[in-house]
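# Per-entry structural report
Each chain is listed here by its residues.
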Amino acid sequence: MQFRQQALAKLRSPEELDLPVRFARPQGWLVLSVTVVAMAAASVWAVTGTVASTVGAPAVLTHGEGSYILQSPVAGQVTAVLAEEGRRLPANAPVLKVRTAQGETAVVRTVAAGRVTTLAATIGAIISTGANVAAVEKVAHADDPLYATVYVSAGSAATIPAGAAVDLTVQSVPATRFGVLRGHVKTVGRSVQSRQQIASYLGDDQLGEQFTDKGRPVAVLVRLDRSSATKSGLKWSSAGGPPYALTSMTPATASIRLADQRPVDWLLP
C-alpha cells in the first residue's frame, strides 16, 4: 500500500519542480575545464606552431673540387711507381713509368694538382690503354677546407633550401661520445648524378655503385661549420668533438633539416 501511494504521488507531480537540480558534479567541471584548455592550446599551436622535418642520406667527406681517376694513356708493363698514397703532387707530376710493346718508356702524370688517395698499379703489372692507375683528390694545400657531399634522392632534393642545417654522423667518430658534426647546405645540384659521374668525382668506382644503388641521386654540397675550440677545427654537437682531425673520403650519414612547415593549412574563402 505504501509503495502504491508513492507511485500515485509521483504521477501527480511528474516534473518534480520542488526538488533541487544538480547540473554537474565537481569532477565533471574539472574534466570539462581540462578539455577546454587542451582544445584551446591545440588551436593556438595549429595556427602558430611549426613542424620540423628532416631528410637522411649517405654522405662522404671531400674537398670542394672532388677527385679524378688517373688513367694510363698507353698500354704496357709498369716498371716504376713514382708516387705514394697520401702524398700531394703538383700538376703534371710523374706517377708511373710504363714500358710499351715497342720498348719505349712512357710516364703517366697527374692531370691537376692533388693528393694521391689510391694507387691501383704496381711494379710488373700489365695495364691497357685507359686503365685506371690512381685516384687523385684535387687539393693543393694542406689547409684546404673539408666539405661533405651528400647524395639525396631526386624527390627529396627539391625540398632542400640553401643554408639548411645539417647534422653529420661520421663513421670514424663515435657519436655517443663526441656527437655529430655540424654544417649547412652550400649548394644543391641541378641534375641527377650517374654512377660514372659520382665515381669520377670521388675517384672511387665502388662509391659510384653504392650511391646509385637505389636510383640516380642529386649531389648536395655541405659546408662544415668551423670552430677554433676543437682539435678537428670543426663544430660538433659536443663541447670538444674528437681529439683528432678528420680526413677526406670518410663516410658519413647526413640529416638535413628542411624548412619548418605549419601543421594545418588554412583555406580562406
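Higher on the page you've got the structure.
Remember, it's a predicted structure, so these values are computed and weren't measured experimentally.

About the thresholds
Residues numbered from 1 in each chain as written. Predicted model: local features only at pLDDT ≥ 70, side-chain atom pairs only at ≥ 80, totals over all residues. Heavy atoms only, no water. Phe/Tyr/Trp six-rings, centres within 6.5 Å; stacked < 30°, edge-to-face > 60°. Helix = DSSP H or I, 4+ residues; strand = E, 2+ residues; numbered from the N terminus. Pairing = 2+ DSSP bridges. Buried < 20%, exposed > 50% of the residue type's maximum accessible area, 1.4 Å probe, protein only. Arc of directions from axis to C-beta. Contact = heavy atoms within 4.5 Å. Core = buried A, V, L, I, M, F, W, Y, C linked by side-chain atoms within 4.5 Å. 1 Å grid on protein atoms, 1.4 Å probe; cavity = no way out; pocket = protein on both sides within 12 Å on 5 of 7 lines; lining within 4 Å. Points joined across faces, edges and corners; volume = space filled by probe spheres on them. Nonpolar A, V, L, I, M, F, W, Y, C, P; charged D, E, K, R; others polar. Polar contact = N/O pair within 3.5 Å; in protein donor to acceptor, adjacent residues only side chain to side chain.

## Some points on the packing of aromatic side chains
Applying the stated criterion to the full structure yields 1 aromatic pair. Aromatic pair Tyr151 and Phe211: ring centres 4.7 Å apart, planes at 25°, arrangement stacked. Residue Tyr151 is located in strand 10 (residues 146-153), and its partner Phe211 is located in helix 6 (residues 205-211); the two are separated by 60 residues in the primary sequence.

## Remarks on the sheet that holds strand 7 (residues 114-119)
Read across the sheet, 4 strands follow the order 2-9-7-4 without closing on themselves; strand pairing throughout is antiparallel. At either end of the open sheet lies a strand with only one pairing partner, and these are strand 2 (67-71) and strand 4 (88-89). Of the strand pairs in this sheet, strand 2 and strand 9 (residues 132-137) are connected by 5 bridges, and their pairing is antiparallel. By the bridge assignment for strand 9, Ser67 is matched with Glu137.

## A word on helix 5 (residues 195-202)
All buried positions along helix 5 are accounted for by Ile198, Ala199 and Leu202. Taken down its axis, helix 5 places every buried residue within 100° of arc, on the same side. Looking at the packing, one finds that the buried side of helix 5 touches strand 1 (54-63), strand 2, strand 10, helix 6 and strand 13 (217-224). Gly203 occupies a position one or two residues after helix 5 and carries a positive phi of about 70°.

## A word on the environment of Ala57
With respect to the helices and strands, Ala57 occurs in strand 1. Residue class for Ala57 comes out buried when judged on its relative accessible area of 7%. It is 6.7 Å that separates the C-alpha atoms of Ala57 and Ser255, two residues lying 198 residues apart in sequence. Every residue in contact with Ala57, bar those within four places of it in the chain, is listed here: Val150, Tyr151, Val152, Thr253 and Ala254.

## Remarks on the nonpolar core
Generally speaking, nonpolar side chains in soluble globular proteins are found buried as a group. Val150, Val152, Leu168, Leu181, Leu224, Leu246 and Ile256 are the most contacted members of the largest nonpolar core, which totals 29 residues. Of all the elements in the fold, those that place two or more residues in this core are strand 1, strand 10, strand 11 (165-170), strand 12 (181-192), strand 13 and strand 14 (251-257). Apart from residues lying up to four places away in sequence, Val152 is in contact with Val55, Ala57, Ala157, Ile160, Pro217, Val218, Val220 and Ile256. Counting residues in each nonpolar core, the second largest holds 18 residues, with Leu89, Leu96, Leu119 and Val133 among its members.

## A few points about the sheet that holds strand 6 (residues 105-109)
In spatial order, the strands read 6-5-3-8; together these 4 strands make up an open sheet with antiparallel pairing. The sheet terminates laterally at strand 6 and strand 8 (126-127), the two strands that pair on one side only. Note that strand 3 (residues 76-81) and strand 5 (residues 94-99) share 4 bridges and pair antiparallel. Bridge pairing in strand 5 places Gln77 opposite Arg99.

## Focus on the layout of surface pockets
Put simply, the largest pocket is a space of about 310 Å³. Together, 18 residues line the largest pocket, and His63, Ala142, Asp144, Leu146 and Leu246 are the ones closest to its centre. Class assignment of the residues belonging to the lining of the largest pocket gives a composition of 7 nonpolar, 5 polar and 6 charged. Taken as a whole, the second largest pocket encloses approximately 240 Å³ of empty space. Lining the second largest pocket are 16 residues, and of these Pro58, Tyr151, Ser153, Phe211 and Lys214 lie nearest its centre. Counting residues per element, the ones that place at least two in the lining of the second largest pocket are strand 1, strand 10 and helix 6. Here the lining of the second largest pocket takes 4 residues from strand 1, the largest share from any one element. Within the lining of the second largest pocket, the residues separate by chemical class into 7 nonpolar, 6 polar and 3 charged.

## Observations regarding the side chain of Thr250
Tracing the backbone through its elements, the reader meets Thr250 in the loop between strand 13 and strand 14. Its relative accessible area of 9% is what places Thr250 among the buried residues. Reaching out from Thr250, the side chain makes a polar contact with the backbone oxygen of Thr247 at a distance of 2.7 Å. Beyond its immediate sequence surroundings of up to four residues, Thr250 is in contact with Ala59, Val60, Leu61, Val170 and Ser172.

## What to know about the pairing of strand 10
With 7 of 8 residues buried, strand 10 is to be regarded as a mostly interior element. Where strand 1 and strand 10 come together, 5 bridges link them in antiparallel fashion. Across the sheet, residue Val60 finds its bridge partner in strand 10, namely Thr149. Note: strand 10 against strand 13, 7 bridges, orientation antiparallel. Its bridge partner being in strand 13, Tyr151 is matched across the sheet by Ala219.

Purely spatial values, then, with no claim about function.
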